[in-house]
Every structure is written in structure tokens, then in C-alpha cells.
Amino acid sequence: MCYYYIGNTEGRARLIDRLMKTYSKNLRELLAVAYSIVRDFDQAQDIVQEVLLKLLSSPEKLPGLRNPLAFLKTCVRNESINFVHKLKTAPAFDEVVMNLKAALSQDEYREIENLLWIRSFLEQKSPEFQDAFLRHVLDGCTIRELAQEMGVTTAWLQKQFWEIKSRMRADKTLLFTIIFLKF
């Protein structure tokens, strides 16, 4: 696991304080994570708020965190994926792009573009595998931790991640070659 448990009330109060500070400081980033999946800004806001309310409504179940931002991103990502699975609809891609450009800064928009690019390499994989890959790349969870959670060998998961990363490198190399040849 990417977290450890805190059993006492004082430790939990400090954890809730850290979680609230992390939430406040990184709200736009959390919204970008949700928006990149649900493709609706209002729904992204609802999901981010719902995640926080769920975490704060049951503080006794709240894990102690080494990295509160990574934990919040994972919770927001999972809640967003659950929402999309329930809804099974997605707006037209052009509409998504227009809404993204209007709602986010250029850096945030670029970050979402990169996340969508990463997701394009994971389309044929299971949701559990996609989540594990994103947690490894974005949140820093180790392959060993993720393999244990998934019930697969570390060697198998490492090979799968290596193949995806190789395809990503090849795609970026091709893109840079095309850009270079145009100029």
C-alpha cells in the first residue's frame, strides 16, 4: 500500500488538517484530474467536493498518508472513473477541448493533454491496470506495491509497464521527428 494507518485521535486530527491544507492548496490540480476523466467542469467540481466530504465524514476510516496529494488525486481519479462507468456517455471531443482551454491555465491544459496522451496507450488494458499504471507514473507507487495489490508478479507488471513506456517513447520520437522535418 502507498499509505500507513494512524490509530489515535490526535494523529487523525493532524492528518485531517494536512488533508485540508493539501486540498486547498491543490484544488485546481484536483479539478484537472477529475475533468480529464469526466469531461464536464461542473461535474468535476462535484466529484472533488464529494471526495473530500466522504473522507471527512468518516475520519476513523481515513488512512495515515505519506503523500496526501497523491492520495487525493487517486481518490478523485477513482471517483471520476466510477462516475463515467455509471454514466457511460462522453461529450464530443471538440467540446471537451473548448471547455478545457476556457477553464484552465495553459500549463494545466498541457498537463491534461499529457494525461490523455498517456491514457491513449492504456485503452486496451483493464481499468485496474490503467489505475495501477497511473498511480505508478503520477503518484510514485512502486511496481512491487502495485503488483501485490493486483495479485500479479512484480516481473510481469514491470514488463507490462516497460512495454507501454517503450511505445510512448517511440511515439514521442516520431512526433519530434515530424516537427523537426517540417522546419
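To continue, consider the packing of helix 6 (residues 106-120) against helix 7 (residues 127-139). Between helix 6 and helix 7, the least distance of the axes is 11 Å, while the angle of their chain directions is 135°. On the basis of the axis angle, helix 6 is oblique to helix 7. With respect to the hand of their crossing, helix 6 and helix 7 are arranged in right-handed fashion. Between helix 6 and helix 7, the contacting residues are Leu115, Ile118 and Arg119 on the first element and Gln130, Phe133, Leu134 and Leu138 on the second. The class makeup of the residues in the contact of helix 6 with helix 7 is 5 nonpolar, 1 polar and 1 charged.

What follows is about the packing of aromatic side chains. Throughout the structure, instances matching the rule amount to 4 aromatic pairs. Aromatic pair phenylalanine 129 and tryptophan 156: ring centres 6.3 Å apart, planes at 75°, arrangement edge-to-face. Taken as a pair, phenylalanine 129 in helix 7 and tryptophan 156 in helix 9 (residues 154-182) lie far apart in primary sequence, 27 residues in all. Residue classification places phenylalanine 129 among the buried positions, given a relative accessible area of 4%. The interplanar angle of 70° and the centroid separation of 5.5 Å between the aromatic rings of phenylalanine 129 and phenylalanine 161 together place this pair among those described as edge-to-face. Here phenylalanine 129 is found in helix 7, whereas its partner phenylalanine 161 is found in helix 9, with 32 residues between them in sequence. On the basis of relative accessibility, which here comes to 1%, the residue phenylalanine 161 falls in the buried class. Feature note: the residues Phe129, Phe133, Trp156 and Phe161 constitute an aromatic cluster, connected by ring pairs.

Let's shift gears to the nonpolar core. Of all hydrophobic cores here, the largest spans 22 residues; its most connected members are Leu19, Leu30, Val48, Leu55, Phe71 and Val76. Contributions of two or more residues to this core are made by helix 1 (9-25), helix 2 (27-38), helix 3 (41-57) and helix 4 (68-87). When near neighbours in sequence (up to four residues on either side) are disregarded, valine 76 contacts Leu30, Val33, Ala34, Ile47, Val48 and Val51. Within the second largest apolar cluster, 17 residues are counted, among which are Leu115, Phe161, Ile164 and Met168.

Rules used throughout
- Residues numbered from 1 in each chain as written.
- Predicted model: local features only at pLDDT ≥ 70, side-chain atom pairs only at ≥ 80, totals over all residues.
- Heavy atoms only, no water.
- Axes fitted to C-alpha atoms, helices over the stretch in contact; angles between N-to-C directions.
- Helix = DSSP H or I, 4+ residues; strand = E, 2+ residues; numbered from the N terminus.
- Parallel < 35°, antiparallel > 145°, perpendicular 65-115°, else oblique.
- Left-handed = near helix turned anticlockwise from the far one by under 90°.
- Contact = heavy atoms within 4.5 Å.
- Nonpolar A, V, L, I, M, F, W, Y, C, P; charged D, E, K, R; others polar.
- Phe/Tyr/Trp six-rings, centres within 6.5 Å; stacked < 30°, edge-to-face > 60°.
- Buried < 20%, exposed > 50% of the residue type's maximum accessible area, 1.4 Å probe, protein only.
- Core = buried A, V, L, I, M, F, W, Y, C linked by side-chain atoms within 4.5 Å.

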